[in-house]
Amino acid sequence: AAAAAAAREGGMGEAKEGAGKCQVLAKTCAFDPHELRWVASGNPITVSLKHGMGGSCQLALGTRDVKLAEVRTISRLAPGFVALHIAELGHVGLQCDNEAAIGRLLDDLVKRKSDYERFEQYEQSSVQSYFQYYAKLGNQQNMLQDSVRTGAYQRAILENPDDFRGLTAMDIGAGSGILSFFAAQAGASFVYAVEASSMAEVIRQLADANSFPGTTIEVINRPLESIKDEVKGKVDVLVSEPIGTFLFNERMIETYLVARDRFLKPGGKMFPNVGNLCIAPFSDAMLQWEQVNKNAFWKNTNFYGLDLTAAASRCTKEHFRQPIVDYINPECIVGPTHTTRFDFSTITVEELHRIEIPFDFEIKQPCLVHGLAGWFDAVFEGTNTSVVLTTAPGGPGTHWYQIRFMVETPLAVNAGQHVEGTLVLEANNLQSYYVKLFMQIKGTGVCTEAPCIDLKDPEYRFYTSSNAYCPPGTAAVAGNSQQQSAKAQNGTAGYTLAPAQQQVYSQQSAQPHAQYSGQTNQQYGQVHSNACMSVGQAWAHSDTWAPQQQAMNGFQAQQVTSPQQLNEYSTNSDPQPMATDHSGRVSAR
């Protein structure tokens, strides 16, 4: 009623539209708690949404720009009256006679704020399962026991005492509270541990059970985006482990940036403050063979009297839509690393809604390029020292592993040729991204793509394949240690070969490599559905391989073309793949 009364007073409402925004002339009002009504509090002002660099958005109230992070609540109390709760300004009323214009402005503001504060737009089932996962001690234990991760965070915090001693810190997505406790050990006087799941109870228990003299740890059990008055003022330093697979999965980094906008003092520190996203081309014929043959069951022509082959192609596409998460043998990387730097102190939330990474790699050896490998570095640039947490191939393993985005049709490339293209990440409402990969041989029309890979639905191949590579010094899956040792001895680390295949591999790897000609990428593409399963692999006794493979998949043995026969341009079992270019020239290592 108070809002309606205010709206009936005075006629403010001139609207101007253009350049993709709506401006309205509105009268500002303040709420009088004694009279329980809104009263005019100043001269009319122009109200609009301003769009800045990186897709960022601010609410312009006259000469004052208000960040979306400072807008706590938005309420339309009457057709021409909007009430806002803004940090530092308190409750502000805007009265406008042009109901249509103020309505459009309000709708735009609500949408922009929803895009900015991610939990408003996500599917609730995704959010619920997300918090349930992190509420389990077993999952927290898995992260704590990642010594690369936990050790890097401990060094970054404790070796930068000037950024913590006597200061106020905030831990976003605190989990078990380990980073909050590191901040207390570094001398922080006050630590906010923000944890939305029920794991907040564990933080309180551990904080009470341990001694942190001179430090107060306050646990806030709610999503950071919904914090209102629990945090007093600004903090000096943010700590967080907001990192998912390929850095951005789970979209927790966006919450980290919201914390920066809302709670970090100007010039305050962020741990980490930089994320480096790394990609490189890879060649792994065994992995490609595994992916192509996952549809073997659906190739059954007599399953209880039914022919299942009509579903085989869909099965293949489903598997190629999954990114592969495992450790990558560094020898599979066939080009330089392309690194994209994300500065968490300056990047906007909106810039993370669509990430496009163009690339151009010079391939260092003739091979089939099966896709892109990815990993990341988290960088802590403190006042006293800098620490880098890397998940790169060749280093000690982490619970993030590495990731690979595969194309169903690989590119056959010669040494010195360039593979160029783009990797695009489109944010979705499942707290993750859809990934699109396009790549081509530079200067040719030879190209391939993966139109939609679901970052949230990976295959954890380290656990599902006996062929998975395990880096030195990293614990293997139970029962695989002897396999890894044997692979290292016969020079096939990362691959599992039958004894007869190992013999052929040993014999032929000692023979001179032949030269081939006349096979093009276009021809390869035509036979790809069969050929790629065998390119570059060692196979022997194909007459027994096919029925054994089918028997393992639980259906009747059928006549199957052997891998050697399928490979039209290879007559040996050389584990190094051949490559072609657009000129028709083929070479082999």
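Quantities reported herein were computed from a predicted structural model and do not represent experimental measurements. (Residues numbered from 1 in each chain as written. Predicted model: local features only at pLDDT ≥ 70, side-chain atom pairs only at ≥ 80, totals over all residues. Heavy atoms only, no water.)

Asks: Got a minute to help me understand the pattern of salt bridges in this structure?
Replies: Opposite charge on two side chains makes pairing possible when the charged atoms of those side chains draw close. Scanning the entire structure with this criterion turns up 19 salt bridges. Taking the shortest distance from any N to any O, the salt bridge between Arg 404 and Asp 284 comes out at 2.8 Å. Note that Arg 404 is positioned in strand β21 (residues 402–413) and Asp 284 in the loop between β15 (274–282) and α9 (285–292), a separation of 120 residues in sequence. Each member of the pair, Arg 404 as well as Asp 284, carries the same accessibility label: buried. Note that Glu 318 is salt-bridged to Arg 314, the shortest N-O span being 3.1 Å. (Salt bridge = Lys/Arg side-chain N within 4 Å of Asp/Glu carboxyl O. Helix = DSSP H or I, 4+ residues; strand = E, 2+ residues; numbered from the N terminus. Buried < 20%, exposed > 50% of the residue type's maximum accessible area, 1.4 Å probe, protein only.)

Asks: Please clarify how the pairing of strand β23 (residues 433–441) should be interpreted in this entry.
Replies: Two faces make up the sheet, and in a regular strand the side chains alternate between them. As paired strands, strand β22 (residues 418–427) and β23 are joined by nine bridges and run antiparallel to one another. For Ala 427, the partnering residue across the bridge sits in β23 and is Tyr 433. Sheet analysis places β23 next to strand β24 (residues 447–454), joined by six bridges and oriented antiparallel. Paired with Tyr 434 across the strands is Asp 454, a residue of β24. Joining the antiparallel neighbours β23 and β24 is a turn of five residues, in which Gly 443 adopts a positive phi near 85 degrees. (Pairing = 2+ DSSP bridges.)

Asks: Which parts of the structure should I look at to understand the sheet that holds strand β12 (residues 216–220)?
Replies: Strand pairing in a sheet relies on backbone hydrogen bonds, with the paired strands running either antiparallel or parallel. In spatial order, the strands read β12-β11-β10-β13-β14; together these five strands make up an open sheet with parallel pairing. Looking along the sheet, the strands with just one partner apiece sit at the ends: β12 and β14 (264–271). When the angles between neighbouring strand axes are averaged without regard to direction, this sheet yields 20 degrees. Examined bridge by bridge, strand β11 (residues 190–194) and β12 share five bridges and lie parallel to one another. If you follow Val 191 over to β12, its bridge partner there is Ile 217. Its contacts with the sheet put helix α6 (residues 178–185) on β10 (168–172), β11, β12 and β13 (235–240), and the angle it makes with β11 is roughly 175 degrees. (Axes fitted to C-alpha atoms, helices over the stretch in contact; angles between N-to-C directions. Contact = heavy atoms within 4.5 Å.)

Asks: Even after reading the chapter, I still don't get empty space enclosed by the protein, so can you show me in this structure?
Replies: Sizing a probe to match a water molecule and rolling it over the atoms shows the empty space that remains. A complete count under the given rule lists five cavities of 30 Å³ or more for this structure. Surrounding the second largest cavity, Val 47, Leu 59, Val 82, Leu 84, Leu 94, Ile 102, Leu 105, Leu 106 and Leu 109 form its lining. Where the lining of the second largest cavity is concerned, the elements lending two or more residues are β8 (81–86) and α2 (99–116). Tallying contributions element by element places α2 first for the lining of the second largest cavity, with four residues. Among the residues making up the lining of the second largest cavity, the classes are represented as nine nonpolar, no polar and no charged. (1 Å grid on protein atoms, 1.4 Å probe; cavity = no way out; pocket = protein on both sides within 12 Å on 5 of 7 lines; lining within 4 Å. Points joined across faces, edges and corners; volume = space filled by probe spheres on them. Nonpolar A, V, L, I, M, F, W, Y, C, P; charged D, E, K, R; others polar.)

Asks: Explain the packing of α9 against helix α10 (residues 312–320) here, please?
Replies: Two packed helices can be described by the angle between their axes and the distance between those axes. Running from N to C, α9 and α10 cross one another at 135 degrees; their axes reach a closest spacing of 9 Å. Here α9 is positioned oblique relative to α10, judged by the angle of their axes. Where α9 abuts α10, its residues Gln 288, Gln 291 and Val 292 lie against Thr 316, His 319 and Phe 320. Counted by class, the contact of α9 with α10 contains two nonpolar, four polar and no charged residues. (Parallel < 35°, antiparallel > 145°, perpendicular 65-115°, else oblique.)

Asks: Got a minute to help me understand unusual backbone geometry in this structure?
Replies: Trans peptide bonds make up the majority, and among non-glycine residues the majority have a negative phi. In the segment running from Phe 271 into Pro 272, the intervening peptide bond is cis, with an omega of 5 degrees. Inspection of the secondary structure puts Pro 272 in the loop between β14 and β15. In this model, Tyr 304 sits at a positive phi of 55 degrees, which is unusual for a non-glycine residue. Mapped onto the elements, Tyr 304 comes out in the loop between α9 and α10.

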